[in-house]
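So the chains spell out like this:
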Amino acid sequence: MSEEKSLNFIEEIIEADLATGKHQSITTRFPPEPNGYLHIGHAKSICLNFGLANKYGGSTNLRFDDTNPVTEDTEYVESIKEDVRWLGFEWSKELYASDYFDQLYALAMQLVEKGLAYVDDSTSEEIATQKGTPTHPGTRNQFAQRTVEENKQLFLDMKAGKYPDGAKVLRVKIDMASPNMLLRDPIIYRIKHAHHHRTADAWCVYPMYDFAHGQSDSIEKITHSICTLEFVPHRDLYDWCINQLGTFPSKQYEFARLNMTYTVMSKRKLLQLVNEHLVNGWDDPRMSTISGMRRRGYPAAAIREFCDRIGVAKRENLIDVGLLEFCVRENLNKTAQRRMVVFNPLKLVITNFDNELEMLSSENNPEDENGGAREMPFCKELFIEQEDFMEVAPKKYFRLAPGQMVRLKSAYIIKCDEVIKDANGNITEVHCTYIPESRSGSDSSGIHVKGTLHWVSAKHAIQAEVRLYDRLFKVEDVANAEGDFKDHINPDSLQIISNAYAEPALAKDTMDQQFQFLRKGYFVIDKESNSTKLVFNRTVTLKDAWAKEVKKG
RNA sequence: UGCCUGAUAGUAUAAGGGUAGUACAACUGAUUUUGGUUCAGUAUGUCUAGGUUCGAAUCCUGGUCGGGCAACCA
């Protein structure tokens, strides 16, 4: 055996279940409610559920927990399917809790017939007060005394639409004094005369999560029902329903949900960002949504790797977004095509270069021997980055400065001779001479320089818009920061450079291709890009040791 | 005041009575035609007080701190 990776606690449970023969194979499920877009937290759950089934030879269902018609929509169903597929997973069955409405209703009726459920006419306020508090027991009301026959008829009438919303609920009779508040006769059915995105107006009673989820698991013979920690107190009720109904004994296991620095993960907050136009839609590249990350250029494989690295445990956590960025860089470094793009141009004139044009070859990816190369036009007039030139250079500045030499990547070593300024003293051009023997690949100059700059030919460069993204929030732990989360939004999370100068090869490149703009970061073409206007999103920056040095002072 | 749950470097996550390890982050240095990549190295940790034991991150007891629980949401 090769070295074994240690198991997380769920894998241990599964291996034990398989070893004892409790289960021959496993079945998991990913059960989103279609009321919003998926985010990176869901990715953790998706990777866990599908990953477990893949690892142990089982299967995973995609089940939409669509028991609340007022919040749900097919738009979300479609986006969720797209996101799961994009992440690289295939579900064995596409299912809906709404598919089970008949069965669920019949199961609830069984509870009624066993005298374990009753129809309650109380208002929600009355029910709430009768529940007591965590330290004081609740009290049962007179409706709990109704006979089985009476309850049967009432539950039938609820389904038949005889009552308005809120008039009656079906409650399960457990224990009004239970220390677990969820066992104090929880509601399992409520009346909602609402249009459901799949069952339309067929139903006016809908099951509550606690009843529908566990029984849906049972119907699908889910062996390991994996959810997040906030459902721990629900497990007693989950088991109670299964035991009373004698349905398939699915078991619920809970892990800690993902929290990440500098972002928000709750559907409510994400929805607010979208609705209040603080971002440009669910797929805004700054969003923690899967669709946002996809648009930003995060590879699915990098997200999977991230989910793998963060682990699965039961303690609250706040993962450094830097780990996600590391996974993205690690993936892209090996795959991204290298290109040169100048964001803030400074004209550079090579005074001793008299050819009209010279084509130079530059490798597409130094990490990939078979990556090939492309040709880049080299001329007398070039653009380099403004920040790559300083008239008065500090120590350890390896870039261009009067009298200093640098290499132009894949081209020649140049020396800065003269700085040209306008009447206001602003630098307009830098004049250099090049060393003809220093050509990349056939350098016989014997000169060694410390800095290498990216560049484009002024005459041949094409224009592009470049969108630079930074973290959406200024504070690490947004959910626990003081005040409203929107107070912490980073006002500089999007910077648009509308006139960047790109090497001509980029005009021929296509959607979905990932690039590394040399010394600038990883980029991907945005969906708003077209033949007349190229638009790139910065996926992530490169690590920048020099920026760190400058910061230290 | 009750119940449930958790606690290992800065952040995560292993070690299941026997050397506290790994990754990211940080810091040094080497290599480099990307201040990228790669490589080598450094520093930093078992919440606390007792107990059991030859030996405790691990088992026991008490405490401390964090999270959750009283939606006709999921």
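Residues numbered from 1 in each chain as written. Chains lettered and ligands numbered in written order. Predicted model: local features only at pLDDT ≥ 70, side-chain atom pairs only at ≥ 80, totals over all residues. Heavy atoms only, no water.

Novice: How should I be thinking about the overall build of chain A in this particular structure?
Specialist: Counting secondary structure elements, chain A contains 13 helices and 25 strands. Based on the C-alpha atoms only, the size of chain A along its principal axes is roughly 100 × 60 × 45 Å. Taking all 553 residues of chain A together, the buried fraction comes to 52%. In chain A, 70% of the contacts between residues at least 6 apart in sequence involve partners at least 24 apart. Roughly 25,500 Å² of accessible area belongs to chain A as shown, and the carbon and sulfur atoms make up 48% of that amount. One way to put it: in chain A the 69 positive side-chain charges average out to a point 2 Å from where the 81 negative ones average out. (Helix = DSSP H or I, 4+ residues; strand = E, 2+ residues; numbered from the N terminus. Buried < 20%, exposed > 50% of the residue type's maximum accessible area, 1.4 Å probe, protein only. Contact = heavy atoms within 4.5 Å. Areas by Shrake-Rupley, 256 points an atom, 1.4 Å probe, with all protein chains shown as cover. Lys, Arg positive; Asp, Glu negative; His and termini not counted. Charge placed at Lys NZ, Arg CZ, Asp CG, Glu CD.)

Novice: Sorry if this is basic, but what is going on with the protein's contact with RNA strand B here?
Specialist: Close to RNA strand B lie 66 residues, the nearest being Glu12, Arg309, Arg338, Ser440 and Lys548. Considering RNA strand B, the proportion of its atoms within 4 Å of the protein that are sugar or phosphate atoms stands at 61%. Within the side chain of Arg519, an N or O atom sits 2.9 Å from a phosphate oxygen of RNA strand B. Between RNA strand B and Lys552 there is a distance of 3.4 Å, counted from a phosphate oxygen to a side-chain nitrogen or oxygen. Mapped by element, the contributors of at least two residues to the surface near RNA strand B are helix 5 (124-130), strand 6 (187-191), helix 11 (300-310), helix 12 (321-335) and helix 13 (545-552). By residue number, the principal contributor to the surface near RNA strand B is helix 13, which donates four residues. (Near = heavy atom within 4 Å. Polar contact = N/O pair within 3.5 Å; in protein donor to acceptor, adjacent residues only side chain to side chain.)

Novice: When you look at the pairing of strand 2 (residues 59-64) in this model, what are you seeing that I'm missing?
Specialist: In the case of a regular strand, side chains alternate between the two sheet surfaces. Counted residue by residue, strand 2 has five buried out of six residues, so it is predominantly covered. In this structure, strand 1 (residues 27-30) lies alongside strand 2, joined through four bridges in parallel fashion. Bridge assignment links Arg29 to a residue of strand 2, and that residue is Asn61. Handedness of the strand 1-helix 2 (residues 40-55)-strand 2 crossover: right-handed. Strand direction decides the pairing type here: strand 2 and strand 3 (residues 93-96), joined by four bridges, are parallel. Looking at the pairing, Leu62 lines up with Glu94 of strand 3. (Pairing = 2+ DSSP bridges. Right-handed = clockwise from strand over helix to strand, strands pointing away.)

These figures come from the coordinates and say nothing about function on their own.
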